[in-house]
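So you can see what is in the structure, the chains are spelled out below.
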Amino acid sequence: MDCKEFREELDQYVDGELPADTLLAGRSHLKGCIACGRFERQRLLLRSSVKRVVNEPLPPPELLDKVRAIATPAWRRWFTSLSKGAKAIWHQKVAIPMPAFALFFIAIATFGIWVVSKRTAPIPSPAPLGLKTVTPARAPGGLDLTQFDRGERAVIQKVRLRNP
Amino acid sequence: VRLHWGRLAKRFELTAVPYLTDVYRVARQMSDESRAPDLVQETYLRAWKYFDTFEPGTNCRAWLLRILHNVWTDQWRQVRLEIPLNDSEFSGIEPYYSWEDEFLREEFSQAVERALSQLPEMYRWAVLLTDVEELSYQEAALVMNCPIGTVMSRINRGRRALARLLRAEGENRVDEINCLVIKSQPEG
(Lines give C-alpha, C1' and ligand atoms only; values in the text may rest on other atoms or scores of the structure.)
Protein backbone atom coordinates (compact mmCIF):
# COMPACT_ATOMS: atom_id res chain seq x y z
CA MET A 1 0.00 0.00 0.00
CA ASP A 2 1.39 3.40 -0.96
CA CYS A 3 0.63 6.85 0.53
CA LYS A 4 -2.13 7.67 -1.97
CA GLU A 5 -3.96 4.42 -1.32
CA PHE A 6 -3.55 4.78 2.42
CA ARG A 7 -4.97 8.32 2.51
CA GLU A 8 -7.89 7.26 0.37
CA GLU A 9 -8.64 4.54 2.90
CA LEU A 10 -7.76 6.68 5.93
CA ASP A 11 -11.33 7.22 7.17
CA GLN A 12 -12.16 3.54 6.98
CA TYR A 13 -8.85 2.75 8.66
CA VAL A 14 -9.58 5.14 11.54
CA ASP A 15 -13.18 3.89 11.87
CA GLY A 16 -12.12 0.24 11.86
CA GLU A 17 -14.14 -0.51 8.73
CA LEU A 18 -11.34 -1.99 6.62
CA PRO A 19 -11.17 -5.71 5.87
CA ALA A 20 -8.45 -7.57 7.77
CA ASP A 21 -5.94 -7.84 4.93
CA THR A 22 -6.19 -4.13 4.00
CA LEU A 23 -5.94 -3.22 7.67
CA LEU A 24 -2.68 -5.14 7.99
CA ALA A 25 -1.34 -3.50 4.84
CA GLY A 26 -2.24 -0.08 6.26
CA ARG A 27 -0.52 -0.82 9.56
CA SER A 28 2.65 -1.94 7.88
CA HIS A 29 2.60 1.19 5.72
CA LEU A 30 2.22 3.41 8.79
CA LYS A 31 5.30 1.89 10.39
CA GLY A 32 7.50 3.24 7.65
CA CYS A 33 5.69 6.49 6.70
CA ILE A 34 5.95 9.51 9.01
CA ALA A 35 3.76 11.74 6.80
CA CYS A 36 0.84 9.27 6.81
CA GLY A 37 1.30 8.82 10.55
CA ARG A 38 0.75 12.56 11.00
CA PHE A 39 -2.40 12.35 8.90
CA GLU A 40 -3.67 9.47 10.98
CA ARG A 41 -2.99 11.32 14.27
CA GLN A 42 -4.71 14.43 12.96
CA ARG A 43 -7.78 12.47 11.90
CA LEU A 44 -7.94 10.77 15.29
CA LEU A 45 -7.58 14.14 17.05
CA LEU A 46 -10.38 15.58 14.95
CA ARG A 47 -12.57 12.59 15.76
CA SER A 48 -11.99 12.83 19.51
CA SER A 49 -12.44 16.62 19.48
CA VAL A 50 -15.81 16.38 17.76
CA LYS A 51 -16.88 13.73 20.23
CA ARG A 52 -15.79 15.84 23.20
CA VAL A 53 -17.52 18.98 21.93
CA VAL A 54 -20.79 17.25 21.12
CA ASN A 55 -20.88 15.31 24.38
CA GLU A 56 -20.88 18.47 26.49
CA PRO A 57 -24.56 19.55 26.47
CA LEU A 58 -26.86 17.40 28.60
CA PRO A 59 -30.63 17.24 28.10
CA PRO A 60 -32.68 19.46 30.44
CA PRO A 61 -34.26 17.51 33.34
CA GLU A 62 -37.82 18.44 32.34
CA LEU A 63 -37.26 16.77 28.97
CA LEU A 64 -36.75 13.42 30.70
CA ASP A 65 -40.09 13.88 32.50
CA LYS A 66 -41.82 14.72 29.22
CA VAL A 67 -40.34 11.69 27.47
CA ARG A 68 -41.30 9.40 30.34
CA ALA A 69 -44.82 10.80 30.28
CA ILE A 70 -45.20 9.70 26.65
CA ALA A 71 -45.49 6.03 27.65
CA THR A 72 -47.48 6.69 30.81
CA PRO A 73 -51.25 6.09 30.65
CA ALA A 74 -53.38 9.25 30.69
CA TRP A 75 -55.20 8.34 33.93
CA ARG A 76 -51.92 7.89 35.76
CA ARG A 77 -50.62 11.20 34.45
CA TRP A 78 -53.85 12.89 35.56
CA PHE A 79 -53.62 11.32 39.00
CA THR A 80 -49.96 12.31 39.40
CA SER A 81 -50.63 15.90 38.34
CA LEU A 82 -53.61 16.05 40.69
CA SER A 83 -51.64 14.81 43.66
CA LYS A 84 -48.82 17.21 42.82
CA GLY A 85 -51.30 20.09 42.60
CA ALA A 86 -52.92 19.18 45.90
CA LYS A 87 -49.55 18.96 47.53
CA ALA A 88 -48.63 22.36 46.16
CA ILE A 89 -51.80 23.94 47.54
CA TRP A 90 -51.32 22.29 50.92
CA HIS A 91 -47.79 23.62 51.22
CA GLN A 92 -48.68 27.06 49.99
CA LYS A 93 -48.53 29.96 52.47
CA VAL A 94 -51.47 32.34 52.24
CA ALA A 95 -51.51 35.80 53.84
CA ILE A 96 -54.98 36.76 55.24
CA PRO A 97 -55.65 40.35 56.46
CA MET A 98 -56.25 40.61 60.20
CA PRO A 99 -59.85 42.03 60.03
CA ALA A 100 -60.88 39.31 57.57
CA PHE A 101 -59.37 36.65 59.81
CA ALA A 102 -61.16 38.18 62.89
CA LEU A 103 -64.51 38.19 61.09
CA PHE A 104 -63.96 34.61 59.97
CA PHE A 105 -63.05 33.60 63.52
CA ILE A 106 -66.16 35.33 64.97
CA ALA A 107 -68.37 33.66 62.38
CA ILE A 108 -66.93 30.24 63.18
CA ALA A 109 -67.30 30.84 66.94
CA THR A 110 -70.94 31.97 66.55
CA PHE A 111 -71.76 28.96 64.47
CA GLY A 112 -70.14 26.70 67.04
CA ILE A 113 -72.13 28.26 69.92
CA TRP A 114 -75.37 27.95 67.95
CA VAL A 115 -74.69 24.26 67.24
CA VAL A 116 -73.91 23.53 70.90
CA SER A 117 -77.00 25.39 72.14
CA LYS A 118 -79.19 23.49 69.70
CA ARG A 119 -77.85 20.16 70.92
CA THR A 120 -78.40 20.91 74.64
CA ALA A 121 -82.05 21.96 74.15
CA PRO A 122 -84.70 19.19 74.86
CA ILE A 123 -85.67 17.47 71.73
CA PRO A 124 -89.40 16.71 71.57
CA SER A 125 -90.16 13.16 70.70
CA PRO A 126 -91.80 12.96 67.34
CA ALA A 127 -95.41 12.05 67.37
CA PRO A 128 -96.70 9.27 65.14
CA LEU A 129 -98.45 10.44 62.07
CA GLY A 130 -102.13 11.22 62.58
CA LEU A 131 -102.02 11.04 66.41
CA LYS A 132 -101.82 13.76 69.02
CA THR A 133 -99.43 13.70 71.92
CA VAL A 134 -101.30 14.29 75.12
CA THR A 135 -100.54 13.80 78.80
CA PRO A 136 -101.74 10.46 80.17
CA ALA A 137 -104.17 12.11 82.65
CA ARG A 138 -106.01 13.90 79.92
CA ALA A 139 -106.09 11.00 77.61
CA PRO A 140 -109.51 9.48 77.22
CA GLY A 141 -109.57 6.37 79.31
CA GLY A 142 -105.85 6.78 80.06
CA LEU A 143 -104.13 6.04 83.30
CA ASP A 144 -101.76 8.28 85.12
CA LEU A 145 -99.00 6.03 86.35
CA THR A 146 -97.96 8.52 88.99
CA GLN A 147 -101.32 8.05 90.68
CA PHE A 148 -101.22 4.32 90.29
CA ASP A 149 -98.98 2.53 92.83
CA ARG A 150 -97.52 5.97 93.88
CA GLY A 151 -95.39 6.05 90.88
CA GLU A 152 -92.97 3.50 92.29
CA ARG A 153 -93.83 0.41 90.40
CA ALA A 154 -96.26 -0.43 87.72
CA VAL A 155 -96.96 -3.60 85.89
CA ILE A 156 -98.61 -3.40 82.59
CA GLN A 157 -100.04 -6.57 81.26
CA LYS A 158 -101.53 -7.19 77.94
CA VAL A 159 -104.69 -9.20 78.16
CA ARG A 160 -106.61 -10.57 75.28
CA LEU A 161 -110.32 -10.58 75.91
CA ARG A 162 -112.54 -13.17 74.45
CA ASN A 163 -115.57 -11.95 72.63
CA PRO A 164 -118.76 -12.99 74.32
CA VAL B 1 -55.03 -4.71 26.65
CA ARG B 2 -54.06 -2.80 29.77
CA LEU B 3 -51.50 -5.44 30.76
CA HIS B 4 -50.04 -5.44 27.27
CA TRP B 5 -49.82 -1.66 27.37
CA GLY B 6 -48.17 -1.76 30.77
CA ARG B 7 -45.57 -4.25 29.58
CA LEU B 8 -44.89 -2.22 26.45
CA ALA B 9 -44.55 0.97 28.49
CA LYS B 10 -42.14 -0.75 30.85
CA ARG B 11 -40.07 -2.04 27.93
CA PHE B 12 -40.08 1.42 26.35
CA GLU B 13 -38.89 2.92 29.63
CA LEU B 14 -36.06 0.39 29.90
CA THR B 15 -35.05 0.22 26.24
CA ALA B 16 -35.60 3.60 24.63
CA VAL B 17 -35.55 6.22 27.39
CA PRO B 18 -31.89 5.55 28.43
CA TYR B 19 -30.77 6.82 24.99
CA LEU B 20 -32.28 10.24 25.59
CA THR B 21 -28.86 11.85 26.02
CA ASP B 22 -27.59 10.40 22.73
CA VAL B 23 -30.67 11.51 20.84
CA TYR B 24 -30.57 14.95 22.45
CA ARG B 25 -26.96 15.71 21.60
CA VAL B 26 -27.46 14.85 17.94
CA ALA B 27 -30.68 16.89 17.90
CA ARG B 28 -28.82 19.74 19.55
CA GLN B 29 -26.24 19.72 16.74
CA MET B 30 -28.83 19.45 14.00
CA SER B 31 -31.05 22.25 15.31
CA ASP B 32 -30.53 24.88 17.98
CA GLU B 33 -30.75 24.85 21.76
CA SER B 34 -34.36 26.04 21.90
CA ARG B 35 -35.70 23.62 19.29
CA ALA B 36 -33.74 20.52 20.25
CA PRO B 37 -36.10 19.46 23.12
CA ASP B 38 -39.13 19.67 20.80
CA LEU B 39 -37.31 17.64 18.18
CA VAL B 40 -36.41 14.99 20.77
CA GLN B 41 -39.95 14.91 22.12
CA GLU B 42 -41.38 14.47 18.64
CA THR B 43 -38.88 11.67 18.03
CA TYR B 44 -39.92 9.82 21.19
CA LEU B 45 -43.61 10.32 20.41
CA ARG B 46 -43.10 8.66 17.06
CA ALA B 47 -40.92 5.97 18.64
CA TRP B 48 -43.70 5.15 21.14
CA LYS B 49 -46.27 5.07 18.37
CA TYR B 50 -44.29 2.44 16.44
CA PHE B 51 -42.60 0.77 19.39
CA ASP B 52 -44.40 -2.52 18.82
CA THR B 53 -42.51 -2.78 15.50
CA PHE B 54 -39.13 -2.50 17.20
CA GLU B 55 -37.37 -5.87 17.35
CA PRO B 56 -35.90 -6.55 20.80
CA GLY B 57 -32.20 -7.33 20.68
CA THR B 58 -31.48 -4.99 17.79
CA ASN B 59 -29.73 -1.63 18.17
CA CYS B 60 -32.31 0.64 19.78
CA ARG B 61 -30.02 3.68 19.62
CA ALA B 62 -29.67 3.36 15.84
CA TRP B 63 -33.46 2.87 15.60
CA LEU B 64 -34.09 6.06 17.59
CA LEU B 65 -31.52 7.99 15.56
CA ARG B 66 -33.22 6.84 12.39
CA ILE B 67 -36.54 8.18 13.69
CA LEU B 68 -34.78 11.40 14.66
CA HIS B 69 -33.41 11.69 11.14
CA ASN B 70 -36.87 11.10 9.67
CA VAL B 71 -38.51 13.65 11.97
CA TRP B 72 -35.81 16.16 11.22
CA THR B 73 -36.14 15.56 7.46
CA ASP B 74 -39.96 15.80 7.57
CA GLN B 75 -40.49 18.80 9.78
CA TRP B 76 -37.39 20.37 11.16
CA ARG B 77 -34.98 20.62 8.35
CA GLN B 78 -34.09 24.22 7.93
CA VAL B 79 -35.10 25.40 4.54
CA ARG B 80 -32.08 27.40 3.72
CA LEU B 81 -29.87 27.93 0.78
CA GLU B 82 -26.71 25.97 1.22
CA ILE B 83 -23.90 26.68 -1.10
CA PRO B 84 -23.03 23.31 -2.62
CA LEU B 85 -19.47 22.31 -2.07
CA ASN B 86 -17.50 21.93 -5.21
CA ASP B 87 -16.69 18.30 -5.88
CA SER B 88 -13.33 19.23 -7.31
CA GLU B 89 -12.36 20.53 -3.87
CA PHE B 90 -12.52 17.00 -2.58
CA SER B 91 -10.72 15.26 -5.36
CA GLY B 92 -7.15 14.19 -4.83
CA ILE B 93 -5.25 14.00 -1.58
CA GLU B 94 -5.86 16.60 1.08
CA PRO B 95 -2.70 18.50 2.04
CA TYR B 96 -1.62 18.30 5.66
CA TYR B 97 -2.67 21.19 7.90
CA SER B 98 -0.97 21.65 11.22
CA TRP B 99 -3.96 23.40 12.80
CA GLU B 100 -3.78 21.46 16.06
CA ASP B 101 -0.68 23.41 17.12
CA GLU B 102 -2.38 26.77 16.66
CA PHE B 103 -5.03 26.36 19.36
CA LEU B 104 -5.12 25.96 23.08
CA ARG B 105 -7.39 23.15 24.29
CA GLU B 106 -10.36 25.39 25.20
CA GLU B 107 -10.05 27.48 22.08
CA PHE B 108 -9.81 24.34 20.02
CA SER B 109 -13.10 23.02 21.41
CA GLN B 110 -14.82 26.28 20.52
CA ALA B 111 -13.28 26.26 17.07
CA VAL B 112 -14.46 22.69 16.48
CA GLU B 113 -17.96 23.65 17.63
CA ARG B 114 -18.08 26.58 15.24
CA ALA B 115 -16.68 24.51 12.38
CA LEU B 116 -19.22 21.77 13.02
CA SER B 117 -22.09 24.24 12.89
CA GLN B 118 -20.84 25.51 9.52
CA LEU B 119 -20.66 22.04 8.03
CA PRO B 120 -23.40 21.19 5.50
CA GLU B 121 -26.15 19.18 7.20
CA MET B 122 -25.68 15.92 5.31
CA TYR B 123 -21.98 15.83 6.13
CA ARG B 124 -22.72 16.82 9.71
CA TRP B 125 -25.11 13.88 10.08
CA ALA B 126 -22.46 11.49 8.78
CA VAL B 127 -19.73 12.87 11.04
CA LEU B 128 -21.96 12.88 14.12
CA LEU B 129 -23.20 9.34 13.58
CA THR B 130 -19.74 7.84 13.08
CA ASP B 131 -17.54 10.03 15.31
CA VAL B 132 -19.86 10.74 18.21
CA GLU B 133 -22.36 7.89 18.20
CA GLU B 134 -19.72 5.48 16.87
CA LEU B 135 -22.15 3.71 14.59
CA SER B 136 -20.80 1.41 11.92
CA TYR B 137 -21.10 2.50 8.29
CA GLN B 138 -23.88 -0.04 7.86
CA GLU B 139 -25.87 1.42 10.76
CA ALA B 140 -25.20 5.00 9.63
CA ALA B 141 -26.49 4.06 6.18
CA LEU B 142 -29.62 2.66 7.78
CA VAL B 143 -30.14 5.83 9.83
CA MET B 144 -29.61 8.17 6.88
CA ASN B 145 -31.49 5.87 4.51
CA CYS B 146 -28.78 5.84 1.88
CA PRO B 147 -26.19 3.37 0.50
CA ILE B 148 -22.93 2.69 2.38
CA GLY B 149 -20.91 4.27 -0.41
CA THR B 150 -22.75 7.55 0.12
CA VAL B 151 -22.04 7.37 3.85
CA MET B 152 -18.33 6.83 3.22
CA SER B 153 -18.24 9.71 0.79
CA ARG B 154 -20.07 12.02 3.23
CA ILE B 155 -17.79 11.09 6.11
CA ASN B 156 -14.69 11.72 4.04
CA ARG B 157 -15.93 15.04 2.74
CA GLY B 158 -17.26 16.10 6.10
CA ARG B 159 -13.99 15.48 7.91
CA ARG B 160 -11.95 17.20 5.24
CA ALA B 161 -14.28 20.18 5.30
CA LEU B 162 -13.94 20.31 9.08
CA ALA B 163 -10.16 20.26 8.80
CA ARG B 164 -10.28 23.09 6.26
CA LEU B 165 -12.60 25.17 8.45
CA LEU B 166 -10.34 24.64 11.44
CA ARG B 167 -7.35 25.65 9.41
CA ALA B 168 -9.14 28.86 8.38
CA GLU B 169 -10.01 29.54 12.04
CA GLY B 170 -6.41 28.96 13.04
CA GLU B 171 -5.08 31.30 10.36
CA ASN B 172 -7.53 34.04 11.40
CA ARG B 173 -6.48 33.59 14.99
CA VAL B 174 -2.79 33.89 14.11
CA ASP B 175 -3.54 37.05 12.11
CA GLU B 176 -5.44 38.53 15.09
CA ILE B 177 -2.59 37.73 17.46
CA ASN B 178 -0.10 39.33 15.06
CA CYS B 179 -2.27 42.47 14.90
CA LEU B 180 -2.42 42.63 18.69
CA VAL B 181 1.34 42.27 18.95
CA ILE B 182 1.90 45.04 16.41
CA LYS B 183 -0.59 47.31 18.21
CA SER B 184 0.89 46.68 21.62
CA GLN B 185 4.43 47.62 20.50
CA PRO B 186 5.48 51.01 21.90
CA GLU B 187 5.70 53.85 19.40
CA GLY B 188 8.98 55.45 18.36
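Residues numbered from 1 in each chain as written. Chains lettered and ligands numbered in written order. Predicted model: local features only at pLDDT ≥ 70, side-chain atom pairs only at ≥ 80, totals over all residues. Heavy atoms only, no water.

*Asks:* Can you break down the nonpolar core residue by residue, with the values?
*Replies:* General note: in soluble globular proteins, nonpolar side chains tend to be found buried as a group. Counting 61 residues, the largest nonpolar core has Phe-12 and Tyr-44 of chain B as its most contacted members. Not counting residues up to four positions away in its chain, the partners in contact with Phe-12 of chain B are Val-67 and Ala-71 of chain A together with Val-17, Tyr-44, Ala-47, Trp-48 and Phe-51 of chain B. In terms of nonpolar packing, the next biggest core, distinct from the first, is built from ten residues, Phe-6, Leu-23, Cys-36 and Phe-39 of chain A among them. (Core = buried A, V, L, I, M, F, W, Y, C linked by side-chain atoms within 4.5 Å. Buried < 20%, exposed > 50% of the residue type's maximum accessible area, 1.4 Å probe, protein only. Contact = heavy atoms within 4.5 Å.)

*Asks:* I'd love a proper account of unusual backbone geometry, names of residues and values included.
*Replies:* Glycine aside, residues mostly have negative phi, and peptide bonds are mostly found in the trans state. All names here are of chain B. We note that Glu-134 has phi near 55°; this positive angle belongs to a residue other than glycine. Note that Glu-134 resides in the loop between helix H6 (121-132) and helix H7 (137-144). Even without being glycine, Asn-145 reaches a positive phi, approximately 55°. Counting through the fold element by element, Asn-145 comes out in the loop between H7 and helix H8 (148-184). (Helix = DSSP H or I, 4+ residues; strand = E, 2+ residues; numbered from the N terminus.)

*Asks:* Quick one: what's the story with helix H5 (residues 61-70) of chain A, residue by residue and with numbers?
*Replies:* Residue and element names in this part refer to chain A. Those residues of H5 lying buried are Leu-63, Val-67 and Ile-70. Seen from one end, H5 has its buried residues packed into an arc of 45°, which puts them on one side. The exposed residues of H5 that point more than 90 degrees off its buried face are Pro-61 and Asp-65. (Arc of directions from axis to C-beta.)

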